[in-house]
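A closer look at the structure
Below, each chain spelled out in residue letters.
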Amino acid sequence: MTTKTYSIFGAGAAGLYTAWRLLGGETRSEAGRKKQLARGDVLELFDWGNYDFTGENPELREPGARVCTWHYKDDPENAYLEVGGMRYSRWDSHAPDANGGTAPGHRLVTTVISKLGLDPYVVPFNESGNPLFYMRSKNFYLNNISSQNPAPYRADHYGAGAPPDNAFGVLQNLAPKTENTSFTRTEWNEFYQHGRIEAELPASSVFQKGDHLKDIGYWNLMYDQLGSEGYNYAADGNGYSSNVINWNAAVAFQSNNEFTPGTNYSTITTGYSGMFAALYKAVVALAKKKGVHFKFTPNTRLQSIYVLDGVIHYRLATRERPWHVSEAGTTQAAWLAMPRHALELVAQGSRYSAPGEVLDVLNAQRVRLYLEAAIMQPSYKVGMFFHEPWWLDAATPYPAQLTGYVVTEKVIEALAQEGFSKALCKALAAPSILGVAFASAESLVGEVEKQTEARLSVKQEQQLLGAAQRDTIGPSITDTPIRMAVYFGDNARSHKPGEKPVYGILASYDDETFVSFWQELEIGPNRERHRPRSEDVQTLDGPRKVPAAMVKMLRRQLAELHFGPNSDYSSVPEPVEARYMDWSLPPFNAGYHAWGAHYDIADVQQKIRKPSQLVEGAEADIFIVGEAYSNDQAWVEGAYCTAESVLNDFFDVVPLIDNTHYPFICR
Ligand SMILES: Cc1cc2nc3c(=O)[nH]c(=O)nc-3n(C[C@H](O)[C@H](O)[C@H](O)COP(=O)(O)OP(=O)(O)OC[C@H]3O[C@@H](n4cnc5c(N)ncnc54)[C@H](O)[C@@H]3O)c2cc1C
């Protein structure tokens, strides 16, 4: 019997997940069994970068590709910040209708975390219900915004008297059914393909009832519906510029639902990179158990790929000489587990180095059309550690409001067990209380007493506040180039005796045009650029030290956010360590991706994962997996879902979870 070789290029979320499932997945069919890796077969994994999967090489950055945990002084015992992806939406797999279409959460990420034994490390990573804003030189909190005290924007229809995210709801009113919380993932998929404007719009509107939302740019639609000021208020105030670019309006309706203040997320205390270290370890163990030769080759990129006489040929290049072929090989199946820019570099290599009459699948015209469907979104993070959490200090005029109170079903259950009466529990379930983010103890207690028309006892008050209290990570939001500040604080695993704790924040957390503001400061005054940006793989090296001029600029913008307009930079202390991560650099050239307008994203997702489907008469086991062409862009969940869908549909691997109402990709 001949042995098989399978090759995965890219050891980020999608590549590692593919390896894990190829080795551990089950199949029910004979065809699937033939495709499964067995004793003596080879599974090779290549990556352009080199990550510290085992924890034994502290000189390397932590694993996860576009996820990258950074510990203070690179010591895993110290406090950490996430300079890439940082959180997930936990799926309650034990809820009564957990597998139904409306149960929220990232089902594959939650399952992977569980199966890797990481549940004990899961902690909330909640957003504040009352974030601080600094926009147009005015400092204010979300709860201050009202029609009497509007945000400093001249938005139409009194828009500035409401929170900035209200704009997303105004647009969703154009297709009211999408606002219903019972709108399922399957219904959203249908909407991405066929959703239309359902509301009657005045003749003055550019877009009209019946127009397909997938063929409308979201920025165009926002401008049309909200006007210039309404658009600017939403764009500035939601923090992520990437949410309001001219992307596919149908998808934007769904995605922008998620980023509203008060949303619940989770993370793991190992740092998010911990999931990828554990995944790698599981791959090594599974390969050993199965007798499969698993070979990981870091610092090696796929330079080109093509099919000759039905055989997949690939060529490699080293990290030192990324554009020159170093060696060649063949494989029975290849996974390109990388985002759009990295794929385009492979396509360039293939175009110029493939010999004669071959199937050069990445350069086929329909493949290129579909590769362009993912808009690249540059993003940028700066992490800083301080000796004091000065953003919470009583002397700071505009402190971050990180403690809030939310009454959930679980809180009510817990209070019932602690002796709260049925009437009191019923009052807590009122729409004005349940799920509402209260910024202060007084406001929650006040609302409960209004509902019950009675005073709570001191004990009841303590019980209620104890059960409903929720620590959050912010963010604070500004229209200055830092855009968002996210407060991690002191999350060290342990403290060495006598050592002072450090407190971390992310600021800047920005994307799109704001990225270039910081890029020039990376070099600083009186210095010229010496390295082409196209060869600066900083993201593979890990976060880089912030130069002094940039630290000063960061302090100045943080001072304005927390101390008021024109505050001197010295109001904010000097950080003890600061590093930046520029996700606009290769090989990613994007922190995340968004679907372009004028595409049927269901067709793109189905075809691009096996691009030979787009070439007439062609058949090649070359697969594209990852976040970029997924139904959950900007999330690790998307990377896992595309990888799972390829294994289910082309390798007959049984789905990891019940996916009856959770289609992994849009169909
Ligand atoms: C700032 C930021 C914030 C984010 N926030 C979150 C969040 O909170 N939660 C969340 O779930 N997600 C978040 N994301 C998104 C998440 O990080 C990504 O969706 C996910 O990590 C993508 O995984 P992937 O496998 O698709 O691709 P990648 O992580 O991009 O992995 C691709 C791998 O391929 C390698 N590669 C590239 N070219 C080649 C080649 N030619 N040959 C071999 N190897 C190659 C790369 O080195 C890399 O290791 C965030 C991302 C960023 C940047």
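Reading the values: the criteria
Residues numbered from 1 in each chain as written. Predicted model: local features only at pLDDT ≥ 70, side-chain atom pairs only at ≥ 80, totals over all residues. Axes fitted to C-alpha atoms, helices over the stretch in contact; angles between N-to-C directions. Helix = DSSP H or I, 4+ residues; strand = E, 2+ residues; numbered from the N terminus. Parallel < 35°, antiparallel > 145°, perpendicular 65-115°, else oblique. Contact = placed C-beta atoms within 7 Å. Domains from an automatic or database assignment. Near = placed C-beta within 6 Å. Nonpolar A, V, L, I, M, F, W, Y, C, P; charged D, E, K, R; others polar. Pairing = 2+ DSSP bridges. Buried ≥ 20, exposed ≤ 12 C-beta atoms within 10 Å, placed from the backbone. Core = buried A, V, L, I, M, F, W, Y, C linked by C-beta atoms within 7 Å.

Next up on the list: the packing of helix H3 (residues 107-115) against helix H19 (residues 636-651). At a minimum axis separation of 8 Å, H3 and H19 run at an interaxial angle of 90°. Here H3 lies roughly perpendicular to H19, going by the angle between them. Between H3 and H19, the residues in contact are Leu108, Val109 and Val112 and Val636, Glu637, Tyr640, Cys641 and Glu644, respectively.

Take the domain arrangement of the protein chain next. Considered domain by domain, the protein chain is made up of domain 1 (7-67 + 98-103 + 272-377 + 594-651), domain 2 (146-258), domain 3 (379-401 + 474-582) and domain 4 (403-471). Measuring from the centre of the C-alpha atoms in domain 1 to the corresponding centre in domain 4 gives 48 Å.

Residues in close proximity to the ligand total 41 residues, the closest being Gly10, Gly12, Gly85, Gly591 and Gly626. Within the residue set of the shell around the ligand, elements represented by two or more residues are helix H1 (13-24), strand S10 (300-308), helix H9 (340-353), strand S15 (379-386) and H19. Classifying every residue of the shell around the ligand by side-chain character gives 25 nonpolar, ten polar and six charged.

All right, on to the sheet that holds strand S11 (residues 311-318) then. An order of S10-S11-S12 is seen for the three strands of this open sheet, with the pairing classed as antiparallel. One side of each edge strand has no neighbouring strand; the edge strands of this open sheet are S10 and strand S12 (327-331). Taken pair by pair, the neighbouring strands of this sheet meet at an average axis angle of 25°, ignoring direction. Most of the contacts of H9 go to S10, to which it runs at about 50°, and overall it touches S10 and S11.

Relative placement of two packed helices is described by the angle separating their axes and the distance separating the axes. The contact between helix H15 (residues 515-523) and helix H17 (residues 548-563) brings their axes to 7 Å, and the two run at 140°. Listed contacts from H17 to Trp518, Leu521 and Glu522 of H15 are Ala549, Met550 and Met553. Residues of the contact of H15 with H17, tallied by class, amount to five nonpolar, no polar and one charged.

Counting buried residues in S10 gives eight out of nine residues, a clear majority hidden from the surface. Here S10 runs beside S11; their pairing, made up of eight bridges, is antiparallel. For Ile305, the partnering residue across the bridge sits in S11 and is Tyr314. Count of turn residues in the S10/S11 antiparallel hairpin: two residues, of which Asp309 carries a positive phi of about 50°.

Right, let's talk about the sheet that holds strand S2 (residues 42-46) for a bit. Taken in spatial order, the five strands make up an open sheet running S9-S2-S1-S13-S25, and their pairing is parallel. A single partner strand is all that each edge strand has here, and the edge strands are strand S9 (293-297) and strand S25 (622-624). Averaged over all neighbouring strand pairs, the angle between strand axes comes to 15°, with direction disregarded. Sheet topology places strand S1 (residues 5-9) next to strand S13 (residues 333-336); four bridges connect them, and they run parallel. Looking across to S13, one finds that Ile8 is bridged to Trp335.

Below, the discussion takes up the nonpolar core. Counting 171 residues, the largest nonpolar core has Leu16, Leu23, Leu336, Ala485, Ala507 and Tyr640 as the members making the most contacts within it. Element by element, the count of residues in this core is highest for helix H8 (residues 273-290), at nine residues. Beyond its immediate sequence surroundings of up to four residues, Ala485 is in contact with Gly474, Pro475, Ser476, Ile505, Leu506, Ala507, Leu558 and Leu561. In terms of nonpolar packing, the next biggest core, distinct from the first, is built from 17 residues, Leu415, Leu428, Ala437 and Val448 among them.

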